[in-house]
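Summary of structural features
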Amino acid sequence: MKTRFVTIDEKEPQADRIEAAAQIIRDGGLVAFPTETVYGLGGNALDPEASRRIYAAKGRPSDNPLIAHIADFAQLGPLVAEVPEAARILMKTYWPGPMTLIFQKSDLVPKSTTGGLDTVAVRMPSHPVARALIRAAGVPIAAPSANLSGRPSPTRASHVLEDMDGRIDMILDGGEVGIGLESTIIDVTGPEPALLRPGYISEEMIRELFAGMTVDAASIGPVSPDMHPKAPGMKYRHYAPKAQMTIVRGEAAAVQQKICALAGEELRAGKKVGLICTQESRPVYENRLKGIGPGEIGRADSCGAGGEEQALDLVTVGSRRDGASIAHNLYDVLRSFDTAGVDVIYSESFEGGQLGGAIMNRLKKAAGYHILDV
Ligand code: AMP
Ligand code: MG
């Protein structure tokens with residue numbers, strides 16, 4: 001299949017380009033498009049054949065349900081059995097925006113879209129391209145993140161192209177997305193709302209509305225094989241770069257010291273090391289690690305001229321003073337390690353602030369919950 005790559009104005013999307021994409025959706029095809037969270041891989045949420053194609057394009061296990069995206073409140077009613085009061089409050093506060101709600105589904109929604117579940121996930125995005133596309137298609141659009149299953153979600157059209165070229169009909173390139181992490185998911189089918197996945201809208205923000213909100217264990221820790229998380233996708237490895245990543249957690253100076261020790265050892269052993277730091281800590285690693293290489297212990301099979309310098313892939317993810325910058329860049333950084341072909345990755349940890357919960361949720365999964373406390 002030839003994938004059409006089409007640029008689109010992210011603020012005022014060109015009507016003819018939106019219409020071409022909408023026609024593909026109506027015909028059962030697949031279009032990747034930007035949302036305010038990450039790029040989505042869209043197909044008609046009411047067409048079982050389209051959702052089958054989404055699973056195939058992503059290589060996604062078919063029990064990992066899709067989120068249906070709508071553009072207007074009127075589109076919600078037909079998809080769900082009921083709209084609980086808690087959902088009304090949440091929708092009024094955070095839609096359109098980066099929040100997904102889980103409802104009991106109506107008969108209209110095929111089980112192939114919901115991974116066999118009787119519930120359906122629905123979100124109303126705020127991104128102008130997403131909204132224009134859903135409106136023009138005239139159907140709710142099922143749109144998981146537009147990456148190959150298991151890889152970091154795409155935050156730029158170039159990431160989508162990396163994973164989806166030849167697998168889908170069209171990519172709408174609306175530039176870099178704003179937030180960079182997937183939506184907050186809240187289950188509203190129970191007596192109290194339950195947080196299934198943290199996102200830009202934090203646990204604390206929802207708790208201000210619902211003090212009794214529960215938090216699904218799978219959103220904070222590893223999922224054992226016998227666990228049945230409410231959000232089925234949580235049992236799969238996610239967001240992960242190819243190299244094993246270790247998060248070092250603790251007080252800043254101790255973290256930096258530990259990472260320098262571990263990374264230094266790997267560099268001396270001739271390994272290529274990826275390191276995720278912040279603007280604030282970068283100089284520490286530059287001073288202590290740049291130039292360390294296998295030459296130091298006299299190995300003959302070192303990486304050759306300049307190898308020592310390049311063996312350290314030191315990447316600044318953002319600033320500690322600006323959690324949004326870390327969220328925005330995280331997936332691009334994780335992907336860059338695959339391109340660079342590093343052997344191991346070390347990352348500082350980024351708790352705190354509105355986005356700390358969401359960032360750490362993704363980072364821990366990417367690291368397979370490999371965490372060192374210092
Ligand atoms: P994404 O990976 O961004 O496509 O998000 C899809 C995720 O939403 C899935 O992996 C699930 O964790 C969650 N989800 C979708 N539908 C449901 C549902 N009916 N019940 C619970 N979680 C859901
Ligand atoms: Mg995803």
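Report on the accompanying structure. (Residues numbered from 1 in each chain as written. Chains lettered and ligands numbered in written order. Predicted model: local features only at pLDDT ≥ 70, side-chain atom pairs only at ≥ 80, totals over all residues. Heavy atoms only, no water.)

**Some details on the overall build of the protein chain**
Looking only at helices and strands, one finds 11 helices and 16 strands in the protein chain. Against the compact-globule benchmark of 21 Å for 374 residues, the protein chain has a radius of gyration of 21 Å, which places it among compact chains. A principal-axis box enclosing the C-alpha atoms of the protein chain has dimensions of 70 × 50 × 40 Å. A total of 374 residues make up the protein chain; the buried ones form 55% of that total. Contacts in the protein chain between residues far apart in sequence, at least 24 positions, make up 71% of those at least 6 positions apart. With 40 positive and 46 negative side-chain charges, the protein chain shows a spacing of 2 Å between the two charge centroids. (Helix = DSSP H or I, 4+ residues; strand = E, 2+ residues; numbered from the N terminus. Rg over C-alpha atoms; globule rule 2.2 N^0.38 Å. Buried < 20%, exposed > 50% of the residue type's maximum accessible area, 1.4 Å probe, protein only. Contact = heavy atoms within 4.5 Å. Lys, Arg positive; Asp, Glu negative; His and termini not counted. Charge placed at Lys NZ, Arg CZ, Asp CG, Glu CD.)

**Description of the packing of helix H10 (residues 323-340) against helix H11 (residues 353-366)**
When two helices pack together, their arrangement is captured by the angle between the axes and the distance separating the axes. Between H10 and H11, the shortest axis-to-axis distance is 9 Å and the interhelical angle comes to 15°. Judged by the angle between their axes, H10 and H11 are roughly parallel. In this structure, H10 crosses over H11, and the sense of that crossing is left-handed. Two secondary-structure elements touch here, H10 through Gly323, Ala324, Ile326, Ala327, Leu330, Tyr331 and Leu334 and H11 through Leu355, Ile359, Arg362, Leu363 and Ala366. Among the residues forming the contact of H10 with H11, the class breakdown is 10 nonpolar, one polar and one charged. (Axes fitted to C-alpha atoms, helices over the stretch in contact; angles between N-to-C directions. Parallel < 35°, antiparallel > 145°, perpendicular 65-115°, else oblique. Left-handed = near helix turned anticlockwise from the far one by under 90°. Nonpolar A, V, L, I, M, F, W, Y, C, P; charged D, E, K, R; others polar.)

**Quick look at unusual backbone geometry**
In this structure, the amide linkage connecting Trp95 to the following residue, Pro96, adopts the cis form with an omega of -5°. If you trace the backbone, Pro96 turns up in the loop between helix H3 (85-94) and strand S5 (99-104). The backbone of Tyr369 shows a phi angle near 60°, a positive value even though the residue is not glycine. As for its placement among the helices and strands, Tyr369 is situated in the loop between H11 and strand S16 (371-373). Relative accessible area serves as the criterion here: at 23%, Tyr369 is assigned to the partly exposed category.

**So, the nonpolar core**
Judged by nonpolar contacts, the single largest core of 42 residues is most densely connected at Leu90, Trp95, Leu101, Phe103 and Val122. When residues of this core are traced back to their parent elements, those giving at least two are strand S3 (39-44), helix H2 (48-58), H3, S5, strand S6 (119-123) and helix H5 (157-164). Among the elements that make up this core, the one with the highest residue count is H3 (five residues). Leave out the neighbours within four places in its chain, and Leu101 touches Ala87, Leu90, Met91, Trp95, Val120, Ala121, Val122, Ile186 and Val188. Ranked by size, the runner-up nonpolar core spans 26 residues in total, among them Leu181, Ile276, Leu330 and Ala367. (Core = buried A, V, L, I, M, F, W, Y, C linked by side-chain atoms within 4.5 Å.)

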